[in-house]
Amino acid sequence: MEFIVNNRKYSILNHELYINYLMVNEYFREHSKYDYDIHFDFLNPLLSKDKIDFDDILEGTKDLEELIEKEEINFIPPGLRIDEHLNENFKISYQDLEFVNVNVGEAIPLLIALTTLLNHKPIVSLYQIEDELNHFLEKFRTYRND
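For the structure given in this document, a descriptive report is provided here. (Residues numbered from 1 in each chain as written. Predicted model: local features only at pLDDT ≥ 70, side-chain atom pairs only at ≥ 80, totals over all residues. Heavy atoms only, no water.)

### Some words on the sheet that holds strand β3 (residues 81–84)
Across a sheet, paired strands are connected by hydrogen bonds in the backbone, their directions being either parallel or antiparallel.
Argument step 1. Strand order across the open sheet formed by three strands is β3-β4-β5, with antiparallel pairing between neighbours. Of all the strands in the sheet, just β3 and β5 (97–102) have a single pairing partner and so form its edges. Adjacent strand axes in the sheet meet at a mean angle of 15°, parallel and antiparallel pairs treated alike.
Argument step 2. Of the strand pairs in this sheet, strand β4 (residues 90–94) and β5 are connected by four bridges, and their pairing is antiparallel. The partner of Ser93 across the bridge, within β5, is Glu98. (Pairing = 2+ DSSP bridges. Helix = DSSP H or I, 4+ residues; strand = E, 2+ residues; numbered from the N terminus. Axes fitted to C-alpha atoms, helices over the stretch in contact; angles between N-to-C directions.)

Right, dumping it as structure tokens:
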């Protein structure tokens, strides 16, 4: 999948995007700082399996692709800015929110979590979103370093 932010083209393999949704789903299920009822229904067929193999990921990816084509799912909120630092990490900005030194592997999950919180009902304040996403990055980085 390709997308454009700030007149710059980015791309991610569709199955990698699906795996990112799995990671964000798990974060909200087990590790979020605040209590949300957030889950992605299109992941249910995969999550209900006892054993998961790569073909299951590819099958789930097809479901995600259909949702994207129908514009029923999107992880890029309007007004998002992505700027690249000299160290090749990113600064991701949305309204008053700013996340700096976000590396490539963190960027897409962060965008998914951001968009999910922005669309959450009841509405989540920008302050709480910032707090939650800083917690998200902290957990994500701790997991990566283990």
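Still more ground to cover, so stick around.
### Some remarks on the nonpolar core
Argument step 1. Counting 45 residues, the largest nonpolar core has Tyr21, Phe42, Phe75, Leu80 and Ile92 as its most contacted members.
Argument step 2. Of all the secondary structure elements, the ones that give two or more residues to this core are β1 (2–5), α1 (14–30), α3 (54–69), β4, β5, α4 (104–119) and α5 (126–145).
Argument step 3. Among the elements that make up this core, the one with the highest residue count is α4 (eight residues).
Argument step 4. Apart from residues lying up to four places away in sequence, Tyr21 is in contact with Phe40, Phe42, Leu43, Leu64, Ile73, Asn74, Phe75 and Ile112. (Core = buried A, V, L, I, M, F, W, Y, C linked by side-chain atoms within 4.5 Å. Buried < 20%, exposed > 50% of the residue type's maximum accessible area, 1.4 Å probe, protein only. Contact = heavy atoms within 4.5 Å.)

### A closer look at the pairing of β4
Argument step 1. With four of five residues buried, β4 is to be regarded as a mostly interior element.
Argument step 2. Where β3 and β4 come together, four bridges link them in antiparallel fashion. From the neighbouring strand, Ile82 faces β4, where its bridge partner is Ile92.
Argument step 3. Hairpin connection from β3 to β4: five residues lie between these consecutive antiparallel strands, with Glu88 at a positive phi of about 75°.
Argument step 4. Remark: two residues form the turn of the hairpin made by β4 and β5, two consecutive strands paired antiparallel; Gln95 in that turn has positive phi of roughly 50°.

### Notes on the environment of Leu46
Argument step 1. Examined against the element boundaries, Leu46 turns out to sit in helix α2 (residues 44–47).
Argument step 2. The exposure class of Leu46 is buried, given its relative accessible area of 4%.
Argument step 3. Look past the residues within four positions of Leu46 in its chain and what remains in contact with it is Tyr18, Leu22, Ile52, Asp56 and Ile57.

### Looking at the side chain of Thr61
Argument step 1. As for its placement among the helices and strands, Thr61 is situated in helix α3.
Argument step 2. Given a relative accessible area of 4%, Thr61 falls into the buried group.
Argument step 3. Those residues in contact with Thr61 that lie beyond four places of it in its chain are Asn14, His15 and Tyr18.

### Quick look at the packing of α1 against α4
Argument step 1. Two elements in contact, α1 and α4, have axes whose closest approach is 9 Å; the angle formed by their N-to-C orientations is 60°. Our classification of the angle between α1 and α4 gives oblique. Pair α1 / α4 crosses with right-handed handedness. Contacts between α1 and α4 pair Leu17, Asn20, Tyr21, Met23, Val24 and Phe28 from the former with Gly105, Ile108, Pro109, Ile112, Ala113, Thr116 and Leu117 from the latter. (Parallel < 35°, antiparallel > 145°, perpendicular 65-115°, else oblique. Left-handed = near helix turned anticlockwise from the far one by under 90°.)

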